[in-house]
Amino acid sequence: MRQLKSVKYNALYLCWGALFIITVILGLAFPAPQGAMKALFRVISVVFFIPPWMILIKAKQEQNRKPRALVRHLSLASLILTLVLLIVNLRSVGYSEAVGLALHAALTIVSAPMICSSLFALPIFLWATLLMGSVGKLKSK
């Protein structure tokens, strides 16, 4: 029974990782999508947040702290790194184009759903809701 639980978590982690890779590739390959592509990218960016929500729901039902902690730490890291890279990107306006491109590539990787969807508000809100959903008291297991 325990192996079945870990397989389910592993499948959710795999799905989440695959969606992350997809959003990074789409964000780098198509920096300014138009029309139907833009709508599709926004849907993919929202779908990116479904596996972690499923992880949180499953972990809460099982009173399992580790998956909730992982989602919490990844959400927090994404929000903090996005803020830091946005500030550094704005401060580097006078630097060379190579510096700007390197910072944009780093921002694309850290903020993949935001860059892919061409929206920052919705993915930041979803990251924040994941962070808040992962906070809570649990009995250790």
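Our subject is the structure listed above.
As the structure is a computational prediction, the values presented were derived from the model and not from experiment.

Q: Would you mind going over the side chain of Thr82 with me for this structure?
A: Its location among the elements puts Thr82 in helix H4 (residues 65-91). For Thr82, a relative accessible area of 2% translates into the label buried. When sequence neighbours within four positions are dropped, the list of residues in contact with Thr82 reads Leu107, Val110, Ser111, Met114 and Phe120.

Q: Before we go on, may I ask you to explain the pattern of salt bridges in this structure?
A: Note on pairing: side chains with opposite charge can pair once their charged atoms come close. Following the criterion strictly, the structure yields 1 salt bridge and no others. We note a salt bridge from Glu62 to Lys58, for which the minimum N-O separation is 2.8 Å. Here Glu62 pairs with Lys58, and both are found in helix H3 (residues 50-62), just 4 residues apart, close to one helical turn. In terms of burial, Glu62 and Lys58 fall into one category: buried.

Q: In this structure, what is going on with the packing of H4 against helix H7 (residues 121-134)? I would like to understand it.
A: Helices that pack against each other are described as a pair by the angle of their axes relative to one another and the distance between those axes. Taken N-terminus to C-terminus, the directions of H4 and H7 make an angle of 145 degrees; their axes are 8 Å apart at the nearest point. For the pair H4 and H7, the sense of crossing is left-handed. For the pair formed by H4 and H7, the contact residues are Arg68, Val71, Arg72, Leu74, Ser75, Leu76, Ser78 and Leu79 on the first element and Ile124, Trp127, Ala128, Leu130, Leu131, Gly133 and Ser134 on the second. For the contact of H4 with H7, the per-class residue count stands at 9 nonpolar, 4 polar and 2 charged.

Q: Sorry, what's going on with the nonpolar core here?
A: General note: in soluble globular proteins, nonpolar side chains tend to be found buried as a group. Membership of the largest hydrophobic core comes to 14 residues, with the highest contact counts inside it found for Trp16, Phe48, Phe49, Ile55, Val71, Trp127 and Leu130. Looking at this core, the elements that each hand over two or more residues are helix H1 (2-29), H3 and H7. Counting residues per element, this core draws most heavily on H1, which supplies 4 residues. Ile55 has contacts with Tyr9, Leu12, Tyr13, Trp16, Pro67 and Val71, leaving out every residue within four places of it along the chain.

Q: Would you mind showing me how to read the packing of H3 against H7 here?
A: Interhelical geometry of H3 versus H7 gives an angle of 10 degrees and a closest axis separation of 10 Å. It follows from the interaxial angle that H3 and H7 lie roughly parallel. Packed against H3, whose contacting residues are Pro52, Trp53 and Leu56, the element H7 presents Thr129, Leu130, Gly133 and Ser134 at the interface. Here the residues of the contact of H3 with H7 sort into 4 nonpolar, 3 polar and no charged.

Q: Sorry if this is basic, but what is going on with the state of the cysteines here?
A: In total, this model carries 0 disulfides according to the counting rule given. Cys15 takes part in no disulfide bond, and the closest cysteine sulfur, belonging to Cys116, lies 15 Å away.

Q: Just to check I follow, could you spell out H7 for this structure?
A: An α-helical turn contains 3.6 residues, so any two residues separated by three or four positions project in the same direction. Taking 1.5 Å of rise per residue, the 14 residues of H7 would be expected to cover 20 Å, and the 20 Å separating its terminal C-alpha atoms lies within 8% of that figure. Within the sequence span of H7, burial applies to Pro123, Leu126, Trp127, Leu130, Leu131 and Ser134. Projection of H7 onto a plane perpendicular to its axis shows the buried side chains occupying an angular sector of 140 degrees, all on one side. Relative to its buried face, H7 has exposed residues pointing more than 90 degrees away, namely Ala121, Phe125 and Met132.

Q: Sorry if this is basic, but what is going on with the packing of aromatic side chains here?
A: For any two aromatic rings, the description comes down to two numbers: the centre-to-centre distance and the angle of the planes. Using the criterion set out here, one finds 8 aromatic pairs in the structure. Relative to Trp127, the ring of Trp16 has its centre 6.4 Å away and its plane inclined at 45 degrees; by these criteria the two rings are tilted. Of this pair, Trp16 sits in helix H1 while Trp127 sits in helix H7, and the two are 111 residues apart along the sequence. Per residue, the accessibility class of Trp16 equals that of Trp127, and both read buried. Relative to Trp127, the ring of Phe49 lies with its centre 5.2 Å away and its plane at 85 degrees, an arrangement referred to as edge-to-face. Residue Phe49 is found in the loop between helix H2 (36-47) and H3, and its partner Trp127 is found in helix H7; the two are separated by 78 residues along the sequence.

What counts, and where the lines are drawn
Residues numbered from 1 in each chain as written. Predicted model: local features only at pLDDT ≥ 70, side-chain atom pairs only at ≥ 80, totals over all residues. Heavy atoms only, no water. Helix = DSSP H or I, 4+ residues; strand = E, 2+ residues; numbered from the N terminus. Buried < 20%, exposed > 50% of the residue type's maximum accessible area, 1.4 Å probe, protein only. Contact = heavy atoms within 4.5 Å. Salt bridge = Lys/Arg side-chain N within 4 Å of Asp/Glu carboxyl O. Axes fitted to C-alpha atoms, helices over the stretch in contact; angles between N-to-C directions. Left-handed = near helix turned anticlockwise from the far one by under 90°. Nonpolar A, V, L, I, M, F, W, Y, C, P; charged D, E, K, R; others polar. Core = buried A, V, L, I, M, F, W, Y, C linked by side-chain atoms within 4.5 Å. Parallel < 35°, antiparallel > 145°, perpendicular 65-115°, else oblique. Disulfide = S-S within 2.5 Å. Expected span 1.5 Å × (residues − 1). Arc of directions from axis to C-beta. Phe/Tyr/Trp six-rings, centres within 6.5 Å; stacked < 30°, edge-to-face > 60°.

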